[in-house]
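Geometric and topological summary
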Amino acid sequence: MLEQDVLIRDALRVAKMYYYQDLTTPEIAQVLGLSRPKVSRLLSFAKDKGLVEVKIHDPNVHKLGLERDIQDRFELASVQVVHTPAHFAPRERLDLVAKFGARYLNTFIEDSRVLGLAWGTTLSAISSHLVPRACSSLDIVQLNGSGNTHNISNTYASEIMVRFANNYAARAHLLPVPTFFDYPETKAALWRERSLQRVTRLQDEADTLLFSIGAVSAGVPSKVYSSEYLEDTDWQGLAAQGVVGDIATVFFRADGSYADIEVNQRSSGPELELFRQARHSVCVVSGEGKVRGLHAALQGRYIRHLILDDVTAHVLLELVVD
């Protein structure tokens with residue numbers, strides 16, 4: 001028997017004793033002749049590999065104050081606030097939120113047929129914490145292009161897509177175009193190609209969308225804002241038009257509107273109506289610098305399920321009160 005198979009066998013045996021027989025880790029160690037640390041490692045392995053799922057039934061009446069306030073104010077389907085240590089740096093907080101988001105995503109995957117992903121810093125962090133689950137009927141589609149003037153293929157986004165596809169034993173559908181075109185006419189011409197229409201049709205069929213909010217001033221810089229995807233003149237134009245953030249590289253103003261923003265005509269991202277219509281539009285956010293963009297996205301009703309850290313949640317509510 002292969003070493004990995006032995007590990008899985010032992011992890012399942014320990015998990016069944018712990019969850020089904022309600023034995024403690026010292027009791028399991030005694031029964032199996034293992035050390036307590038070994039039992040704990042096997043339990044952790046079972047969780048990390050998706051052999052064990054822990055479901056928490058959280059009726060709305062028992063919602064924590066922060067979650068309830070945000071959910072009620074913005075009429076969201078669900079809000080999950082991830083509590084983080086006060087001394088944590090922005091990147092550490094993002095990692096905790098990403099880990100929670102990766103596990104929470106599996107509650108939507110079971111009944112999803114098409115998962116749409118808007119690549120970026122947050123999605124990259126989530127992809128590092130995914131819990132394996134076989135969903136062979138699942139299609140995963142890239143929502144916006146990732147190429148720039150230096151690299152048309154951009155392996156950063158494709159690696160995120162591949163991690164998700166491998167985790168769910170699903171099919172990945174890449175969008176091999178620039179993040180932003182130089183000319184709207186070029187985009188219009190390419191969007192007439194059948195190969196790209198197949199991808200955009202899948203986007204339209206997505207029942208679950210996973211994304212974050214892009215922002216210039218995020219503690220952990222958003223990928224599009226920290227790399228050479230747009231020229232200085234583009235950023236100046238966005239600031240002049242009151243842009244506060246983006247979803248899938250489609251920019252919007254403080255009230256959530258996105259029409260008539262010039263750069264959007266050249267963006268490879270989908271119309272934001274897609275996020276209003278999806279059954280599960282799941283936004284994962286960490287960082288006070290993203291709050292203005294998050295508030296605007298909530299105003300635009302592009303989010304149904306929100307996952308964020310407690311610091312960001314407090315700042316969001318303070319902004320609303322102000």
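Look a little higher up for the structure.
Bear in mind the structure is a predicted one, so any value in this text is a computation, not a measurement. (Residues numbered from 1 in each chain as written. Predicted model: local features only at pLDDT ≥ 70, side-chain atom pairs only at ≥ 80, totals over all residues. Heavy atoms only, no water.)

What about the pattern of salt bridges?
- Tallying each qualifying case throughout the model produces 13 salt bridges.
- Here Arg93 ties to Glu288 by a salt bridge, and the two come within 2.9 Å at their closest N and O atoms. With Arg93 in helix H5 (residues 90-109) and Glu288 in the loop between strand S8 (280-285) and helix H13 (291-299), this pair connects stretches of sequence that are 195 residues apart.
- Several salt bridges share partner residues, and in doing so they unite Arg9, Asp10 and Arg13 into one network. (Salt bridge = Lys/Arg side-chain N within 4 Å of Asp/Glu carboxyl O. Helix = DSSP H or I, 4+ residues; strand = E, 2+ residues; numbered from the N terminus.)

Quick look at the nonpolar core
- With 44 residues, the main nonpolar core has Ile70, Ile247, Phe252, Phe275, Leu294, Ile303 and Leu306 as its most contacted residues.
- Residue contributions to this core peak at five residues, all from H13.
- Leave out the neighbours within four places in its chain, and Ile303 touches Leu76, Phe211, Ser281, Cys283, Leu294, Ala297 and Leu298. (Core = buried A, V, L, I, M, F, W, Y, C linked by side-chain atoms within 4.5 Å. Buried < 20%, exposed > 50% of the residue type's maximum accessible area, 1.4 Å probe, protein only. Contact = heavy atoms within 4.5 Å.)

Quick look at the packing of helix H2 (residues 25-32) against helix H3 (residues 36-48)
- Interhelical geometry of H2 versus H3 gives an angle of 105° and a closest axis separation of 9 Å. Judged on the interaxial angle alone, H3 and H2 are roughly perpendicular. Contacts between H2 and H3 involve Thr25, Pro26, Ile28 and Ala29 from the former and Arg36, Val39, Ser40 and Leu43 from the latter.
- Split by residue class, the contact of H2 with H3 holds five nonpolar, two polar and one charged. (Axes fitted to C-alpha atoms, helices over the stretch in contact; angles between N-to-C directions. Parallel < 35°, antiparallel > 145°, perpendicular 65-115°, else oblique. Nonpolar A, V, L, I, M, F, W, Y, C, P; charged D, E, K, R; others polar.)

Quick notes on the layout of surface pockets
- Of the pockets and cavities examined, the second largest pocket occupies roughly 280 Å³.
- Around the second largest pocket sit 16 residues that line it, and Lys187, Trp191, Gly269, Pro270 and Glu271 are the ones nearest its centre.
- Secondary-structure elements contributing two or more residues to the lining of the second largest pocket are helix H9 (194-205) and helix H12 (273-277).
- Looking at the lining of the second largest pocket element by element, the count peaks at three residues for H9.
- Broken down by class, the residue content of the lining of the second largest pocket amounts to five nonpolar, eight polar and three charged. (1 Å grid on protein atoms, 1.4 Å probe; cavity = no way out; pocket = protein on both sides within 12 Å on 5 of 7 lines; lining within 4 Å. Points joined across faces, edges and corners; volume = space filled by probe spheres on them.)

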